[in-house]
Amino acid sequence: MAEPIARVLPLLGVAHLDRLFDYSIPAAMEQQVRPGVRVRIRFAGRLVDALVRERRRTSEHPGALKPIERVISPDVVCSSQMWDLVDNLAIRSAGVRSDILRTALPPRHASAEKSGLFGGGKSWVDLYGSLVPVEELAGSSFSDANSALTNHPSGQEFVSSVLRGEPSAASILTLPGQDSAYLAAALAAATVWNTSAEIGATQVAEQGSAADREVNGEALNGGVLIVVPNQKDVDRVSQYLRRWVSAAQITEMTAAEGPSARYRRFLSILHGQARLVVGTRSAVFSPVQNLRLVLVLGESDDNLVDPRAPYLHARDVAQLRAQREGAAFATIGVHRCAEVQQWIQTGQLQSIVADRAAVKEHLPIIRALGETDLQREREAYARGSRLPALAFSAIRQALDAGHPVLVQVPRRGYAPALSCAKCRSGARCRHCNGPLELPASGETSVPRCRWCGASAGVFTCNTCGNHTVRMSVVGQDRTVEELGRAFPGVPIVPSGGEQVQRFVEDRASIIVATPGAEPRVTSRPDDDPSQPRLFGAAVMLDPWIVLGKEDLRAAENAVKQWMQAISLVKSHSQGGLAVLTADASLPAVQKVIRWDPERAAQAELSLREEARFPPAVTVAAVDGTTASIEQLLQACELPESAEKLGPVELPPGVRLPVGLDRATADEARRMIIRVPHEDSLLLGETLKTAQAVRATQKNAGPLRVILNPVRIG
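All figures in this text were calculated on a predicted structure; none of them were measured in a lab.

(A) Representation of the overall build of the protein within the structure. Helices and strands together make up the secondary structure of the protein, namely 21 helices and 30 strands. Its C-alpha atoms give the protein a radius of gyration of 28 Å, within 12% of the compact-globule value 27 Å for 713 residues. In terms of overall dimensions, the protein has a C-alpha envelope of 85 × 70 × 45 Å along the principal axes. By residue count, 53% of the 713 residues in the protein fall in the buried class. Split by element, the accessible area of the protein, about 30700 Å² in all, is 48% carbon and sulfur.

(B) Representation of the sheet that holds strand β2 (residues 21-24) in the model. The sheet built from five strands is open, its strands ordered β2-β1-β4-β3-β5 with antiparallel pairing. The two strands at the open ends of the sheet, each matched to only one other strand, are β2 and β5 (70-76). Here the strands of the sheet are splayed against their neighbours by 45 degrees on average, with no regard to which way each runs. Across the sheet, helix α1 (residues 80-93) touches β1 (5-10) and β4 (46-56), and the angle it forms with β4 is around 110 degrees.

(C) View of the nonpolar core. Counting residues in each nonpolar core, the largest one holds 48 residues, and the members touching the most others are L89, L101, F266, F285 and F329. With six residues, α1 is the largest single contributor of residues to this core. Counting 47 residues, the second-largest nonpolar core is a separate cluster that includes Y128, V192, W193 and V224.

(D) Structural detail: the UniProt feature "binding site: Zn(2+) 2" (unreviewed entry) in the protein. Taking the numbering used here, the UniProt-annotated feature "binding site: Zn(2+) 2" (unreviewed entry) corresponds to C429, C432, C449 and C452. Separation in sequence by 24 residues is not matched in space for these annotated residues, since their most distant C-alpha atoms are only 8.6 Å apart. Following the sequence through the fold, C429 ends up in the loop between β17 (417-420) and β18 (436-437). Apart from residues lying up to four places away in sequence, C429 is in contact with G434, L436, C449 and C452. Topologically, C449 is positioned in strand β19 (residues 448-449). With sequence-adjacent residues up to four places away left out, C449 is seen in contact with C429, C432, G434, P435, L436 and A454.

(E) Structural detail: the UniProt feature "domain: Primosomal protein N' 3' DNA-binding" (unreviewed entry) in the protein. As annotated by UniProt and renumbered to match this structure, "domain: Primosomal protein N' 3' DNA-binding" (unreviewed entry) occupies residues 15-106. Helix makes up 24% of residues 15-106 and strand 32%, and the two end C-alpha atoms of the span are 21 Å apart.

(F) Quick look at the pattern of salt bridges. One pass over the full model with this rule turns up 39 salt bridges. In this structure, E54 engages R7 in a salt bridge whose closest nitrogen and oxygen atoms are separated by 4.0 Å. Here R7 lies in strand β1 and E54 lies in strand β4, a separation of 47 residues in the sequence. Shared partners join several salt bridges into a network, and the residues in it are D18, R53, D87, R97 and K688.

(G) Here's a closer look at the packing of helix α17 (residues 554-566) against helix α18 (residues 587-594). Interhelical geometry of α17 versus α18 gives an angle of 30 degrees and a closest axis separation of 10 Å. One way to sum up the angle between α17 and α18 is to call them roughly parallel. For the pair α17 and α18, the sense of crossing is right-handed. Residue-level contacts link V559, W562, M563 and I566 of α17 to A588, V589, K591 and V592 of α18. The residue makeup of the contact of α17 with α18, split by class, is seven nonpolar, no polar and one charged.

(H) Main features of the sheet that holds strand β16 (residues 404-408). On the basis of which strands lie adjacent, the open sheet formed by six strands has the order β15-β26-β25-β16-β23-β21 and parallel pairing. Only two strands of the sheet have a single neighbouring strand rather than two, namely β15 (365-369) and β21 (492-495). The mean inter-strand angle of the sheet, taken between neighbouring strand axes irrespective of direction, is 20 degrees. Bridge count for β16 against strand β25 (residues 537-540) is four bridges, and the pairing is parallel. Bridging from a neighbouring strand, V407 pairs with V539 of β25.

Definitions and limits used
- Residues numbered from 1 in each chain as written.
- Predicted model: local features only at pLDDT ≥ 70, side-chain atom pairs only at ≥ 80, totals over all residues.
- Heavy atoms only, no water.
- Helix = DSSP H or I, 4+ residues; strand = E, 2+ residues; numbered from the N terminus.
- Rg over C-alpha atoms; globule rule 2.2 N^0.38 Å.
- Buried < 20%, exposed > 50% of the residue type's maximum accessible area, 1.4 Å probe, protein only.
- Areas by Shrake-Rupley, 256 points an atom, 1.4 Å probe, with all protein chains shown as cover.
- Pairing = 2+ DSSP bridges.
- Axes fitted to C-alpha atoms, helices over the stretch in contact; angles between N-to-C directions.
- Contact = heavy atoms within 4.5 Å.
- Core = buried A, V, L, I, M, F, W, Y, C linked by side-chain atoms within 4.5 Å.
- UniProt positions renumbered as here; feature names shortened; annotations may be inferred.
- Salt bridge = Lys/Arg side-chain N within 4 Å of Asp/Glu carboxyl O.
- Parallel < 35°, antiparallel > 145°, perpendicular 65-115°, else oblique.
- Left-handed = near helix turned anticlockwise from the far one by under 90°.
- Nonpolar A, V, L, I, M, F, W, Y, C, P; charged D, E, K, R; others polar.

This is the structure in structure tokens:
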């Protein structure tokens, strides 16, 4: 054998074993063992899975090499491009490569391999089952993508550059009332059908099928990857895509599929049959062949952050992957986060925004509470009402016109937070000191702990000894009750938690939704998807809950949630009205009223730069105990530019590191290490090495390292 040795990476998830090991290749496996293939090896006396990284002639290991036990599958599941991406991400995130590969590669299923590719192995183009000519679909998708960006001055040029195969990158801010999913679907369909700005429908017909067309000698058979926060968005994008492609040509990669179905779809992507992939955060690693375009919707949504180590953000992975593979990249949404704004200011992305006149034309009237309204609200609260007169009037006006109304509330449940009725101290559990809540309405409902679930019985305040409680935070269920009494005979539809409504009828009704669970108004089959049906009014209740969070991103998240809700309301010319039940003078409220998401992102980034927090700098959050954090610091040599903050108590609401539980929660600490961006890779590599050194210590305690965490404090 020319190269009898395989270098493999054991998939163990252990920091100090995140390196390559040499194994001999048995003669019977000579043709099967290739770089990127899954194999089974004997490691430390037990059989473990591994990935072949490369083959070589010699080994630096002085002793005899153990042979590979068997080849799990002959498919090359990890290409050289994927290896490079994983290596880069591991350094950037101070993580272990096998943890990243665990997310990127679904578990192998033999039944999926036996089933083969879809449609008997047909190509992507041949999976299309309509009688509509491909050339017509190519032309219509290109036209629809351009039409969706008519009001964006540089939008159509971006579409043309994508279809020419240029690695353009942009952040597209959609108009109020415009569905981001529709724009993403149109742009994706135009790309996979290989339409270009220089190729019209006539030229397409002259040059042959979409699979065979060439521009400048390169085949235009590229793929598209669309990453969205949740299943609801996947369904919406797929629904729009069916205007230009068949259902068989859309590959969805989400947690909803079973393991076998997911692996079969993975193989379809791996072998180039699937070109159009729509999925949630882990889909960002899908091995799309000849990747031409990567789209991310809802780029600041927390659902795009992997809750498992090394806590990668799909937005960052998508941008890095597009950059390394020479593909176009775009974020699409009604709001822009500070991280994307920094990419724009450093020249990595271009900003595509609509004309100011078009924005004003599509906006509803946005009202907030002035001093007179605030005084009336205080009087209303004294009488037990949460609905200001301004909001009540907006709801009544929309209902009288026969339109649905959206009411956004920040929290689920009935009364998720209670306090002492006398001294206003937070009501805590006598067993674990967790917060008390009222789970349901009714005289028989007893406060219980949100942490341990224990009933509070007869409550006694630790501060003043009082035995009565009040609702300090009102949830969605209680709001449904209040609105039912205020608007008798009107259907009240809750949407949140485990009962998320995807669509509601276009009729007089009130939809009470938590942020992210806002449904869409049902459209008729003959409706133009570029002009969706919208709510007649929207009311944002209890804004102080969102703004009052002890979180670096509290104001940014508040603006995002409010903008997303308001973008579902009819324009002012159609009678649309949105009411924020907050002081109109608050900076976050002013950003929404002015509706300039680009300037709002610039202001947020400026504040982060002043405070020296992400994305202005690179930050590592080290969570553990005082002893474990000290062990890590002793094992690493931080860059000279590193600044250490803490350790301090772990911020409320942050998940405890593995090894700590409720009983030992008071031992949890967090240390912040921040460096300038030019030292970010050095910081990641240093922390990665230190974790490997520390993992060899038998007395290692709980520890977690997160680079640029979503929540710092």
